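Chain and residue survey
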Amino acid sequence: MSQSPTPSSLPALRTYRRKQGWLAAVLAAQLLGGLAVLAAPGQEVFPLYSWFLFALTPSADRTLPELRVVELGTRTFDPPAPLAAERSLITSVQAPAVVRLAKDLRRALAAGDAAELQRTRRTLEENFLRAPGHYVLVEISHDPIARLHGAAARERVVRDFKIGEP
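Residues numbered from 1 in each chain as written. Predicted model: local features only at pLDDT ≥ 70, side-chain atom pairs only at ≥ 80, totals over all residues. Heavy atoms only, no water.

Re the packing of aromatic side chains
The condition is simple: The criterion for an aromatic pair is that two Phe, Tyr or Trp rings (for Trp, the six-membered ring) have centres within 6.5 Å, with stacked assigned to planes under 30 degrees apart, edge-to-face to planes over 60 apart and tilted to the rest. Only runs of H or I of at least four residues qualify as helices and only runs of E of at least two qualify as strands under DSSP, and these elements are numbered from the N terminus. We call a residue buried when its accessible area falls under 20% of the maximum for its residue type, exposed when it is over 50%, and partly exposed in between, using a 1.4 Å probe and counting protein chains only.
Summed over all chains, the structure comprises 1 aromatic pair. Taking 5.1 Å as the distance between ring centres and 25° as the angle between the ring planes, the aromatic pair formed by Tyr135 and Phe161 counts as stacked. Taken together, the residues Tyr135 in strand β3 (residues 133-142) and Phe161 in strand β4 (residues 154-162) connect sequence positions 26 residues apart. On the basis of relative accessible area, Tyr135 is assigned to the buried category, the value being 1%. We classify Phe161 as buried; its relative accessible area is 2%.

Structure below.
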């Protein structure tokens with residue numbers, strides 16, 4: 001037989017019921033948010049609804065553009081040096097801008113946009129490659145999983161550029 005609550009235990013029971021209600025509301029909000037995230041690209045909204053350690057697998061093949069300096073002023077680079085990593089030419093703070101310019105060059109070449117290609121080259125050459133010289137745009141392709149197991153990346157020269165020449 002159950003006992004009815006005594007008058008002194010009623011506030012504690014009300015507090016317990018209130019906490020139970022709040023917990024149920026929080027769990028319901030989490031469930032609804034988790035279900036709503038299914039409509040989001042990648043199905044994650046970090047940090048609230050990040051369900052998987054590796055939710056998205058890398059694409060089968062990654063291709064990244066890279067600018068390489070062959071010759072600058074009186075200096076010759078053999079093999080050609082990646083501009084973003086060559087600390088004698090640019091600082092680590094400038095490296096992201098060089099990477100972005102490499103992507104912009106590749107995009108302009110792929111689109112056949114001569115005006116954008118000229119603008120991007122001018123930005124690159126006036127800010128990072130001030131001396132006469134020669135540089136190349138290279139595409140580096142690799143399969144991330146194969147690369148993890150020791151496979152080499154594939155490289156393709158997209159275009160050679162002479163500083164200051166069209």
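With respect to the layout of surface pockets
So the rule is basically this: Only protein atoms enter the calculation, which uses a 1 Å grid: trapped sets of points that fit a 1.4 Å probe without letting it out are cavities, open sets showing protein on both sides within 12 Å along at least five of seven lines are pockets, and any residue with an atom within 4 Å of a point is a lining residue. Grid points are joined across faces, edges and corners, and a volume is the space filled by probe spheres set on the points. Under the convention adopted here, Pro, Cys and the residues Ala, Val, Leu, Ile, Met, Phe, Trp and Tyr are nonpolar, Asp, Glu, Lys and Arg are charged, and Gly plus all remaining residues are polar.
There is about 180 Å³ of room inside the largest pocket. Lining the largest pocket, in full, are Leu64, Pro65, Glu66, Leu67, Pro82, Ala84, Ala85, Val98, Val99, Ala102, Lys103 and Ile140. Counting residues per element, the ones that place at least two in the lining of the largest pocket are β1 (62-72) and α2 (95-111). Looking at the lining of the largest pocket residue by residue, the classes come out as 10 nonpolar, no polar and 2 charged.

A look at the sheet that holds β3
Through backbone hydrogen bonds, the strands of a sheet pair up, either in parallel or in antiparallel fashion. The criterion, for reference: Note on pairing: two strands pair once DSSP finds at least 2 bridges between them. Helix axes are fitted to C-alpha atoms over the stretch in contact, other axes to C-alpha atoms as well, and angles between N-to-C directions run from 0 to 180 degrees. Two residues qualify as a contact provided that any one of their heavy atoms is within 4.5 Å of a heavy atom in the partner residue.
Read from one edge of the open sheet, 4 strands run β2-β1-β3-β4, paired in antiparallel fashion. Single-partner strands in this sheet number two, and they are β2 (75-82) and β4. Strand-to-strand twist of the sheet, defined as the mean angle between neighbouring strand axes without regard to direction, takes the value 15°. As defined by bridge partners, β3 adjoins β4 across 8 bridges and the pair is classed as antiparallel. Its bridge partner being in β4, Ser141 is matched across the sheet by Arg154. Contacts between α2 and the sheet are confined to β1, β3 and β4, with β1 contributing the most and set at about 105° to the helix. Docked against the sheet, helix α3 (residues 114-127) engages β1, β3 and β4, running at close to 85° with respect to β4.

Side note on the pairing of β1
Alignment of β1 against β3, held across 10 bridges, turns out to be antiparallel. Bridging across to β3, Leu72 finds its partner in Gly133. Linking β1 back to β2 in an antiparallel pair, the connection comprises 2 residues, with Gly73 at a positive phi of about 65°.

A look at the pattern of salt bridges
The condition is simple: Only one rule defines a salt bridge in this text: a Lys or Arg side-chain nitrogen within 4 Å of an Asp or Glu carboxyl oxygen.
Summed over the entire model, instances satisfying the criterion amount to 9 salt bridges. With a shortest N-O distance of 2.9 Å, Arg107 and Asp104 are connected by a salt bridge. Of this pair, Arg107 and Asp104 both sit in helix α2, separated by 3 residues, roughly a single helical turn. Arg121 is the partner of Glu125 in a salt bridge, and the nearest nitrogen-oxygen pair spans 3.0 Å.

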